[in-house]
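Below are the chains, spelled out letter by letter.
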Amino acid sequence: MRAPGGSQGGREAVAGDILLSVEDVSLSFGGVKAVSGVSFDIRKGEIRAIIGPNGAGKTSMLNVINGFYHPQQGRITFKGEARPRMRPHDAAHGGIARTFQNVALFRGMSALDNIMAGRTLKMNANFFWQMLRYGPAMREEVEHRHKVEEIIDFLKIQEIRRTPVGRLPYGLQKRVELGRALAMEPELLLLDEPMAGMNLEEKEDMSRYILDMNDYFGTTVALIEHDMGVVMDLSDRVVVLDHGIKIADGTPDEIKGNQAVIDAYLGVAH
Amino acid sequence: MDILYSIFIDPFAQMIGAPDLLVQTLWDGLVGGMLYALIALGFVLIFKASGVFNFAQGIMVVFAGLTLVGLYEAGVPAFIALALAIAVMYGLAFAVERVVLRPLVNQPDIILFMATFGITYFLIGFGEFVFGGDPKVMITDDLYLPKGSFNVKMLGGIVNFQRLDIVAVVVASIMVAALAVFFSKTRIGRALRAVADSHSAALSVGISLEQIWVIVWFAAGLVALVTGIFWGARSNVSFALEVIALKALPVLILGGFTSIPGAIVGGLIIGVGEKLAEFYWGPLVGGGTDAWFAYVIALVFLLFRPQGLFGEKIIERV
Ligand SMILES: Nc1ncnc2c1ncn2[C@@H]1O[C@H](COP(=O)(O)OP(=O)(O)OP(=O)(O)O)[C@@H](O)[C@H]1O
Ligand SMILES: [Mg+2]
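Thresholds applied
In every chain, residue numbers begin from 1 and rise along the written sequence. Note on labels: chains are lettered from A, ligands numbered from 1, in written order. Side-chain atom pairs in this predicted model are given and counted only at pLDDT of 80 or more, local residue features only at pLDDT of at least 70, and totals for whole chains, interfaces and linings cover all residues. Where side-chain values are given, they derive from all heavy atoms of the structure, hydrogens and water being excluded. Only DSSP runs of H or I covering at least 4 residues are called helices, and only runs of E covering at least 2 are called strands; the numbering of each starts at the N terminus. Note that the radius of gyration is over C-alpha atoms, with the globule rule given as 2.2 Å times the number of residues to the power 0.38. Partly exposed describes any residue whose relative accessible area lies between the buried limit of under 20% and the exposed limit of over 50%, with all areas from a 1.4 Å probe on protein chains only and scaled to the type maximum. Contacts: residue pairs with any heavy atoms within 4.5 Å of one another. We get accessible surface area from the Shrake-Rupley algorithm with a probe of 1.4 Å; when it comes to residues, only the shown protein chains can shield them. Per residue, pLDDT measures the predictor's confidence, with a range of 0 to 100. Nearness is defined per residue: one heavy atom within 4 Å of the molecule or strand is enough. Identification of polar contacts relies on pairs of N or O atoms within 3.5 Å, with a donor-acceptor requirement for protein atoms, meaning one able to donate a hydrogen and the other able to accept it, and with residues adjacent in sequence counted only if both atoms are side-chain atoms. Under this grouping Gly is polar, as are all residues other than the nonpolar Ala, Val, Leu, Ile, Met, Phe, Trp, Tyr, Cys and Pro and the charged Asp, Glu, Lys and Arg. This count recognises Lys and Arg as positive and Asp and Glu as negative, with His and chain-terminal groups excluded. One speaks of a salt bridge when a side-chain nitrogen belonging to Lys or Arg is within 4 Å of a carboxyl oxygen belonging to Asp or Glu. Multiply 1.5 Å by the residue count of a helix minus one, and that product is the helix's expected span.

Here's the deal with the overall build of chain B
When helices and strands are tallied, chain B shows 12 helices and two strands. Start at the N end of chain B and walk to the C end: the helices and strands fall as α-α-α-α-α-β-β-α-α-α-α-α-α-α. Computed over the C-alpha atoms, the radius of gyration of chain B is 21 Å, within 12% of the 20 Å expected from 2.2 N^0.38 for a compact globule of 318 residues. For chain B, the C-alpha atoms occupy an extent of roughly 65 × 50 × 35 Å along the three principal directions. The buried share of chain B, taken over its 318 residues, is 52%. Relative to all contacts within chain B whose residues are 6 or more apart in sequence, the contacts with residues 24 or more apart total 74%. Summing over all exposed atoms, chain B offers an accessible surface of approximately 13800 Å²; the carbon and sulfur share of this is 71%.

Quick word on the confidence of the model for chain B
All names here are of chain B. Counting all residues, the mean pLDDT for chain B is 86, and 97% of those residues have values of 70 or more. Here helix H1 (residues 2–17) stands out as the element of chain B with the lowest mean pLDDT, 82, in contrast to helix H4 (residues 78–104), whose mean of 93 is the highest. Below pLDDT 50 for its whole length, residues 314–318 participates in 18 contacts with residues either more than four positions away or in separate chains. The ipTM value of the predicted complex is 0.84, and its pTM value is 0.81.

With respect to the site of ligand 1
Residue and element names in this part refer to chain A. In the vicinity of ligand 1 lie 14 residues, with Gly55, Lys58, Thr59, Ser60 and Gln101 positioned nearest. Between an oxygen atom of ligand 1 and a main-chain N or O atom of glycine 55, the distance comes to 2.9 Å. Between a nitrogen atom of ligand 1 and a side-chain N or O atom of tyrosine 69, the distance comes to 3.2 Å. Considering ligand 1 on its own, with 630 Å² of exposed area, one finds that the protein chains cover 64% of that surface. Contributing elements (two or more residues each) for the shell around ligand 1: strand E2 (32–43) and helix H1 (58–65). Of all the elements, H1 adds the most residues to the shell around ligand 1, at three residues. The class makeup of the residues in the shell around ligand 1 is five nonpolar, seven polar and two charged.

Concerning the side chain of aspartate 192 of chain A
All names here are of chain A. Mapping aspartate 192 onto the fold places it in strand E7 (residues 188–192). It is arginine 98 that comes nearest to the buried, bridge-free aspartate 192 among opposite-charge side chains, at 4.2 Å. Side-chain polar atoms of aspartate 192 contact the side chain of threonine 59, separated by 2.9 Å. Look past the residues within four positions of aspartate 192 in its chain and what remains in contact with it is Thr59, Leu62, Arg98, Thr99, Phe100, Gln101, Lys174 and Ile224.

As for helix H11 (residues 260–281) of chain B
Residues separated by three or four positions in an α-helix point in the same direction, a consequence of the helix having 3.6 residues per turn. Residues and elements named next belong to chain B. The end-to-end C-alpha distance of H11 is 31 Å, a good match for the 32 Å that 22 residues give at a rise of 1.5 Å each. Listed in full, the buried residues belonging to H11 are Gly262, Ala263, Gly266, Gly267, Ile270, Gly271, Val272, Gly273, Glu274, Leu276, Ala277 and Tyr280. Elements that come into contact with the buried residues of H11 comprise H1, helix H2 (19–50), helix H10 (248–255) and helix H12 (293–304). Taking the backbone nitrogen of glycine 262 as reference, a side-chain oxygen 2.9 Å away marks serine 259 as the first, capping residue of H11.

Next comes the structure, spelled out in structure tokens:
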């Protein structure tokens, strides 16, 4: 799909079809304009970074995409279908998975059960069989456990699969959360700062997982990240928000040299 | 000195002196406590999954029992009436989700709490309108529930067991065990725990809150039906039964609002504590301890463990 290494500091753009497009979206909370008139698109198979200083509206943008928030204005088209008031359930059904900036796991459940929860929509034995834990429901459990074990191997978290996730260190929690999203076999994966608070080694691991699943499973990724090195290495294209407004959109190289982007970052203490 | 003696020495001397009476008291307390536990369990299910404190849980017990007996009196065979009562509890769960929860989603908890008052008065009004306001006799015979009692010789005396109580304990244990397996091992059970842990994460994996709410209200309705049958068999089925729901509050204080084991252990502690107090200390205060002693246990307990027996932190709502 792309040449390893790519152009200096980035990857070559992939020219897939448009998977998701955001058109003129605005979202405000009372008086606060979190997102104003933002448009961009995400192509099939690419890693699309969304960057910007704190409070730029990145997370709000993700929340709009997966239906947590409904924008007051503008529209989102996913797989060629405009979804005016898409609910999170519809987004998940359509193949959008996500992780959260502040890790949202099912704390009381084991890593395995958390990831199994990601299979919810893939499982459909009815209530009756489930009550009996018999027949189709049992077969289904076994089949999906299989898939989940594959993901656990992929993320190298075999030793912690029985541990209640609330007890895991932060870096591993983020990994379990990624596993849960992967278990949905999503077409579009939204990652909200998957590497925040990680050390260098953990960041490299996480980068590897993101690249691998993008390569092997063809998962399209929208990535919010503050670490510029990571953004430049991983992403095909970058959209930059500041104060809810899109200020730049382009390849990592274009973004690096963009004066408006440099100003936006300099204007904010980090 | 006499007072101190009769509070601190004499009751214990009696317990040791007549262990058979002690066992009898403990057993009676356990049976009552189990029914409190079931009511508390209904509360916990709903509170865990939706953050709603369901004031209507007590009335649901009466309503379920009333529906069962009412249908039977209208000529429906007992077991068909039972199946229909289950269907009615499902219908109720469905209606509550559609008419009450869905329109009020994201409203402050207090609004949802008030809405459950609405459900309570609706159920009372509707129940009386359809089935009449007179107390009804539970159809124990037609459901093949045993009658009478037997004595067991033990500890130098006799302990009396009601057959119905034994069946109640067995049925309740089976139901609780089935719920536990269901919650820990199935997709829907996992989804339920997921919703209890984090609404936003649950939504993100495609769990439908609406579906989960229907399921927990239905589960709470089933628990209410079982409670209604056994409680109704011990007294009568009437709206006066509602007062037993007041016992659920101390049970919840003891067990924590989000803990299923807490509800069960809490219920048993309150049930047993209450009976012991009534039997051994009741005469000192002229009886009537059952109206308030549960709250004393809960309050004393609150001083030492404000989060409850197995307390977890209160869940967040999106
Ligand atoms: N639920 C909400 N209610 C009110 N205001 C909100 C809410 N969510 C976000 N905001 C506001 O919207 C603006 C954008 O926030 P958002 O979380 O999208 O920024 P961000 O780019 O993700 O920032 P960060 O890098 O700090 O995560 C901020 O001013 C924030 O305070
Ligand atoms: Mg953010």
